[in-house]
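# Structural features, examined
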Amino acid sequence: MVGLIGGGGSFIFPVAGASNLAQAGACFAVALLARRRSRLRAVAAGAGVPASFGIAEPAIFGVNLRLQFPFVAAVVASAAAGALLSVWDVEAVTLGTAGVIGVASITPGYGVRYLVCILSSGVLAFALTCVWAVMRRRGTLDDPVDPGVPPAAAGTLDG
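### As for the nonpolar core
Counting residues in each nonpolar core, the largest one holds 14 residues, and the members touching the most others are Cys-27, Val-30, Leu-40, Ala-44 and Val-63. Each residue touching Ala-44, except ones within four places of it in the same chain, is listed here: Cys-27, Val-30, Ala-31 and Val-63.

Below, the structure written as structure tokens:
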């Protein structure tokens, strides 16, 4: 908040937007790779949409942390987009939603750069998650990484 008043802009908000889109991209990849009519597919698709508009918690805690690597892919993608946002000097002049519609909060003239960065973070997270699934030589992501040890949130998606 002090950065908005004293310096004219804040870099935190655009980076948060890139992070949200990266979580959404990883979630959509999980939805694509999960078995048809599975509960994971429904949860992943349903969690990816709000993440695109600034509410990433369902994607993070409901899907990506459960499977571990989609979360890592989203972190890597948001770091890459954050670096690009920094190089391009993209800042927010007001507080708002950290998602696609957050472009209204970006410094005038930098909206296209913001959109390029956040969309690239979503695409990169999507691609990294898909590549990970192919490298695991499985067509689905319905099983936890280690079948012997269920993740902490494994029981939350059951019937």
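### Some words on the environment of Gly-99
Topologically, Gly-99 is positioned in the loop between α5 (69–87) and α6 (111–135). With 81 residues separating them in the primary sequence, Gly-99 and Ala-18 have C-alpha atoms 7.6 Å apart. Excluding residues that lie within four positions of it along the chain, Gly-99 makes contacts with Gly-17, Leu-21, Ser-52, Phe-53, Gly-54, Tyr-114 and Ile-118.

### Here's the deal with helix α3 (residues 39–52)
Here α3 is 14 residues long and its end C-alpha atoms lie 21 Å apart, about the 20 Å a rise of 1.5 Å per residue gives. Within α3, burial applies to Leu-40, Ala-44, Ala-47, Gly-48, Ala-51 and Ser-52. End-on view of α3: buried residues confined to an arc of 135 degrees, all on one side of the axis. Looking at the packing, one finds that the buried side of α3 touches α2 (12–33) and α4 (57–67).

### Structural notes on the packing of α2 against α5
Direction vectors running N to C along α2 and α5 enclose 145 degrees, while the axes themselves pass 8 Å from each other. Regarding α2 and α5, the two cross each other, and that crossing is right-handed. Here Pro-14, Val-15, Ala-18, Ser-19, Ala-22, Gln-23, Ala-26 and Val-30 of α2 come into contact with α5, specifically with Pro-70, Phe-71, Ala-74, Ala-77, Ser-78, Ala-81, Gly-82 and Leu-85. Taken together, the residues that form the contact of α2 with α5 break down as twelve nonpolar, four polar and no charged.

### Describing the packing of aromatic side chains
Overall, the coordinates contain two aromatic pairs when judged by the stated rule. Measuring from ring centre to ring centre gives 6.4 Å for Phe-13 and Tyr-114, while their planes differ by 10 degrees; the resulting arrangement is stacked. With Phe-13 in helix α2 and Tyr-114 in helix α6, this residue pair connects regions lying 101 residues apart in the sequence. Under the relative-accessibility criterion, Phe-13 is labelled buried at 7%. Ring centres of Phe-69 and Trp-132 lie 5.2 Å apart, and the angle between their planes is 20 degrees; on these two criteria the pair is classed as stacked. Here Phe-69 is found in helix α5, whereas its partner Trp-132 is found in helix α6, with 63 residues between them in sequence. For Trp-132, a relative accessible area of 13% puts it in the buried group.

Rules behind the numbers
Residues numbered from 1 in each chain as written. Predicted model: local features only at pLDDT ≥ 70, side-chain atom pairs only at ≥ 80, totals over all residues. Heavy atoms only, no water. Core = buried A, V, L, I, M, F, W, Y, C linked by side-chain atoms within 4.5 Å. Buried < 20%, exposed > 50% of the residue type's maximum accessible area, 1.4 Å probe, protein only. Contact = heavy atoms within 4.5 Å. Helix = DSSP H or I, 4+ residues; strand = E, 2+ residues; numbered from the N terminus. Expected span 1.5 Å × (residues − 1). Arc of directions from axis to C-beta. Axes fitted to C-alpha atoms, helices over the stretch in contact; angles between N-to-C directions. Left-handed = near helix turned anticlockwise from the far one by under 90°. Nonpolar A, V, L, I, M, F, W, Y, C, P; charged D, E, K, R; others polar. Phe/Tyr/Trp six-rings, centres within 6.5 Å; stacked < 30°, edge-to-face > 60°.

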